[in-house]
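A structural walkthrough
Here are the chains, one letter per residue:
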Amino acid sequence: MNLKYYRIFIAIVESGGVGKAARSLHLAQPALSHQLRVMEQEFGAPLLEKRPGKRTLSLTAAGWVLYRQAKRMADLDFSLHEEIKSISRGVSGTLRISASPASMPLLMDRFILPFAMLYPDVRYHLREPYHIPLLADVTQGISEIGIANAPLPDITLFDILGRRTTGLRVVS
C-alpha cells in the first residue's frame, strides 16, 4: 500500500465522507470509492460502517487503526522530507525529546535554551510522558532522546549518554 492511499483515507475521515474528500482533493468520487474498496481488500476488513440513509461517517475498529497509523506515517513522511531538505542548511531539523514532566524545566534551562542559541535552525518536538510511555517513545522512535527520572527496566536496550545519582537520566 503506498502513502497516497493512506493520505486519501485520512482525507476521507477528516472531511467526513468520500464525496467531501473527493471535492477537497479535486478527484472524482468514484475514483476515491474505488481506492477505499482497494484498501478494504488489502486489509481484509471494512474500514467504514455502512449506514444507509445516514450522512455521518463512522469508522469500524479497523478503520480507526488505519486512520491512527496512517496519520503517524504521513507525519513521519513529512518530517523525513523536512529533515532531508534542511541538511543543506547545516545543523537543522527537528529534535524529538521525551522527558518526564518533573525534569522538563531543568532540561529547558540547562540544555535546550543554550543549544537553541547555538543552533537556531533546530526545531524541537517535546513530549512529557511519564516513565513507561517515555521508554516506549524512545524504543518506538517517536523521540530520539529520553530524559527519565526513574530507574530503567533494562539498561541494555538504551545507549546511556549520562547518569546522575540525582537529577536527570538521558537515554537514546
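Just above sits the structure.
To keep things clear, this report deals only with the structure shown in the data block. (Residues numbered from 1 in each chain as written. Predicted model: local features only at pLDDT ≥ 70, side-chain atom pairs only at ≥ 80, totals over all residues. Heavy atoms only, no water.)

1. A look at the side chain of Gln 35
Threshold: Labels follow the DSSP assignment, with helices taken as runs of H or I lasting at least four residues and strands as runs of E lasting at least two, numbered in each case from the N terminus. Throughout, a residue-residue contact means that at least one pair of heavy atoms, one from each residue, lies within 4.5 Å.
With respect to the helices and strands, Gln 35 occurs in helix 3 (residues 29-43). If we skip the residues at most four places from it in the chain, Gln 35 touches Lys 4, Tyr 5 and Ile 8.

2. Here we look at the packing of aromatic side chains
Applied cut-off: Note on aromatic pairs: the rings of Phe, Tyr and Trp (six-membered ring only in Trp) are paired at centre separations within 6.5 Å, and the planes decide the class, stacked below 30 degrees, edge-to-face beyond 60, tilted for the rest.
Scanning all chains against the criterion turns up two aromatic pairs. Aromatic pair Trp 64 and Tyr 67: ring centres 6.2 Å apart, planes at 80°, arrangement edge-to-face. Of the two residues, Trp 64 and Tyr 67 both sit in helix 4 (residues 61-86), three residues apart, roughly one turn of that helix.

3. Here we look at the nonpolar core
In plain terms, the rule: Among buried residues, the Ala, Val, Leu, Ile, Met, Phe, Trp, Tyr and Cys ones that are joined through side-chain atoms within 4.5 Å form a nonpolar core. Burial status follows relative accessibility: with a 1.4 Å probe on protein chains alone, a residue under 20% of its type maximum counts as buried, one over 50% as exposed, and anything between as partly exposed.
Among the nonpolar cores identified, the biggest contains 21 residues, and Phe 9, Ile 12, Leu 32, Leu 36 and Met 39 are the most heavily contacted of them. Elements that contribute at least two residues to this core include exactly helix 1 (3-15), helix 2 (18-25), helix 3 and helix 4. The greatest single-element share of this core, amounting to eight residues, is contributed by helix 1. Ranked by size, the runner-up nonpolar core spans six residues in total, among them Ile 97, Ala 99, Leu 107 and Ile 112.

4. Topic: the environment of Ser 98
Defined as follows: Polar contact criterion, stated in full: a pair of N or O atoms within 3.5 Å, where within protein one must be able to donate a hydrogen and the other to accept it, and residues adjacent in sequence count only if both atoms are side-chain atoms.
Among the structural elements, Ser 98 can be located in strand 1 (residues 93-99). On the accessibility criterion, Ser 98 (0% relative accessible area) is buried. Taking the C-alpha atoms as reference points, Ser 98 and Leu 126, separated by 28 residues in sequence, lie 5.9 Å from one another. Apart from the residues within four sequence positions on either side, Ser 98 is in contact with Arg 127, Pro 129, Leu 134, Asp 137, Ser 143, Ile 145, Gly 146 and Ile 147. Only 2.5 Å separates the side chain of Ser 98 from the side chain of Ser 143, close enough to count as a polar contact.

5. What about helix 3?
For clarity, the cut-off: Here a helix's expected span is defined as the number of its residues, less one, multiplied by 1.5 Å. It is the directions from the helix axis to the C-beta atoms whose arc is reported.
The end-to-end C-alpha distance of helix 3, which contains 15 residues, comes to 21 Å, matching closely the 21 Å that a straight helix rising 1.5 Å per residue would cover. Considered for burial, the residues of helix 3 that qualify are Leu 32, Gln 35, Leu 36, Met 39 and Glu 40. For helix 3, the angular spread of buried residues about the axis comes to 145°, placing them on one side. Those residues of helix 3 that are exposed and aimed more than 90 degrees away from the buried face are Pro 30 and Gln 41. After helix 3 finishes, the residue Gly 44 shows a positive phi value of roughly 70°.

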